[in-house]
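Here are the chains, one letter per residue:
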Amino acid sequence: MWGGRFSGKPAELMQAINVSIGFDRRLADQDLAGSRAHAGMLLKQGVISSEDAAAILGGLDTIAGEIAAGTFPFRDEFEDIHMNVEARLRELIGPAAGRLHTARSRNDQVALDFRMWVRDACDRTTAQIRALQTALLAKAEAHADAVMPGFTHLQPAQPVTFGHHLMAYVEMFGRDASRFVDARTRMNESPLGAAALAGSPFPIDRHMTAGTLGFDRPTANSLDSVADRDFALESLAAASVCAIHLSRLAEEIVIWMTPQFGFIRLSDAFTTGSSIMPQKKNPDAAELVRAKVGRLLGSFTQLSVVMKGLPLTYSKDMQEDKVPTFEAFDALELSLLAMAGMVADLEPDRERMAAAAGAGYSTATDLADWLVRTLNMPFRDAHHVTGAAVKRAEELGVGLPDLPLADLQALDPRITAAIYDVLTPEASVASRVSYGGTAPDQVRAQIKRWKEALA
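Attention here is on the structure that accompanies the text. For clarity, every value in this text was computed on a predicted model and none was experimentally measured.

## Concerning the packing of helix H4 (residues 50-69) against helix H5 (residues 81-93)
The interhelical angle for the contact between H4 and H5, taken along N-to-C directions, is 115°, at an axis separation of 9 Å. In this structure, H4 meets H5 at a crossing whose hand is right-handed. Contacts between H4 and H5 pair Ala-55, Ile-56, Gly-59, Leu-60, Thr-62, Ile-63 and Glu-66 from the former with Val-85, Arg-88, Leu-89, Leu-92 and Ile-93 from the latter. Of the residues assigned to the contact of H4 with H5, the class counts are eight nonpolar, two polar and two charged.

The structure is reproduced here in structure tokens:
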């Protein structure tokens, strides 16, 4: 394509490092859509004839059919998806194919194709996050009143409900979805027509091509149009945060599956066995989701390093933007699907969780709150009395609900038997009625809010 300037062929090593068709063939649909829009605009603006436009559009349809059928001849000699399509178009329709590149460069072409691919990936990912949230909502609704331990420092803290715990992840993934929506809004400007870097002398209509391709508007600066990869960086940042949330939930599934916890069961569909230990049932799907965050963080770092020192506008370094982005979204989409499947599949052991909910003196805060509410004791004093009560319970080897009233009254004689009404995990959970709290009615209210939002 640049034979007029070059008389020799690239060295084999140059060809090996330069060729990108092995991975950027994934941009074929976007490349064809961009070319159709560009050809239609060139026709409307009188830059190409109706005969050439018809031939170009017909040839592009043929190429789309070949790609769909798996018969398209992808060739390394043409480097990338753009030149593979152009070369095949020339084979199909002859010299008219050369008119398609009028007022367009590979610089704005790849910026367009990649932006459209990332936009589509954000849409897919948002839908998959919503599917995961729906699975979490269904499980949370079924177990809105199932008592379990709440943890800080992975130590028993206060009782919560299983539904409330799952709803925490609904909130996290809701923020993840909003980040992809925000990123999509910012990237929804078309770089097509910026050409190599300076714009075009032809009477093109960039607003027309932008509208045809579903963009809100064309980009406003031709230099930025071809140099920008913020849209990929921002999407990878959102993907990384989402992967961190997936990894946290996966870690909890792994912990909950251990015999020491025994809070949930997963079926054979999302577990594997051992080649030597017949008793094993391993939560491998969760472990693999937990590990994927490394790949996503690596992809974000990789593209950040590629972009950090590049002068305006396009440099060949930017060819390295696609592989980490493709790999990151592949990993994230698989992880989201796997997690949605695991959430739908898991079943909590309500009795086991309820028994564990009272461990570690988890209702100590309820005791302190009772002292404040009933005896009008300053909270810091109530905290001290409660600490002494926990210490006494440890000495006797009993839980707070079983601590004799005489021992409590030795700490403060105003304490009555009514205090036992707040010392069970069930009573503790039921009392947390503040907005966003773990009381079952509050959990159900949040489930209703989210179901309406997702509908």
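## Some remarks on the pairing of strand S1 (residues 147-152)
Sheet analysis places S1 next to strand S2 (residues 155-161), joined by six bridges and oriented antiparallel. Across the sheet, the residue bridging to Met-148 is Val-160, located in S2. Counted along the chain from S1 to the antiparallel partner S2, the turn is two residues long, and its residue His-153 has a positive phi close to 60°.

## Topic: unusual backbone geometry
Cis rather than trans, the peptide bond between Leu-312 and Thr-313 has omega equal to 10°. One non-glycine residue, Ala-103, lies in the positive phi region at around 65°. As for its placement among the helices and strands, Ala-103 is situated in the loop between H5 and helix H6 (106-142). Take Ala-103: its relative accessible area is 9%, and that puts it in the buried class.

## Some details on helix H13 (residues 350-357)
Among all positions in H13, only Met-353, Ala-356 and Ala-357 are buried. Angularly, the buried residues of H13 cover 110° about the axis, an arc narrow enough to put them on a single face. For H13, the exposed residues set more than 90 degrees away from the buried face come down to Glu-351 and Ala-355. On its buried side, H13 packs onto S1, S2, helix H7 (162-187), strand S6 (347-348) and helix H17 (425-431).

## Section: the pattern of salt bridges
The full count for this structure, using the stated rule, is 32 salt bridges. When the shortest N-O distance is used, the salt bridge between Lys-316 and Glu-79 registers 3.9 Å. Placement of the pair is Lys-316 in the loop between helix H11 (284-307) and helix H12 (322-345) and Glu-79 in the loop between H4 and H5, with a sequence separation of 237 residues. Of the charged contacts, one joins Lys-451 and Glu-141 as a salt bridge, the two residues approaching to 3.2 Å between their closest N and O atoms. Placement of the pair is Lys-451 in helix H18 (residues 440-454) and Glu-141 in helix H6, with a sequence separation of 310 residues. Note on Lys-451: relative accessible area 40%, which makes it partly exposed. For Glu-141, a relative accessible area of 43% translates into the label partly exposed. Connected via shared salt-bridge partners are Glu-66, Arg-75, Arg-88 and Glu-91.

Reading the values: the criteria
Residues numbered from 1 in each chain as written. Predicted model: local features only at pLDDT ≥ 70, side-chain atom pairs only at ≥ 80, totals over all residues. Heavy atoms only, no water. Axes fitted to C-alpha atoms, helices over the stretch in contact; angles between N-to-C directions. Helix = DSSP H or I, 4+ residues; strand = E, 2+ residues; numbered from the N terminus. Left-handed = near helix turned anticlockwise from the far one by under 90°. Contact = heavy atoms within 4.5 Å. Nonpolar A, V, L, I, M, F, W, Y, C, P; charged D, E, K, R; others polar. Pairing = 2+ DSSP bridges. Buried < 20%, exposed > 50% of the residue type's maximum accessible area, 1.4 Å probe, protein only. Arc of directions from axis to C-beta. Salt bridge = Lys/Arg side-chain N within 4 Å of Asp/Glu carboxyl O.

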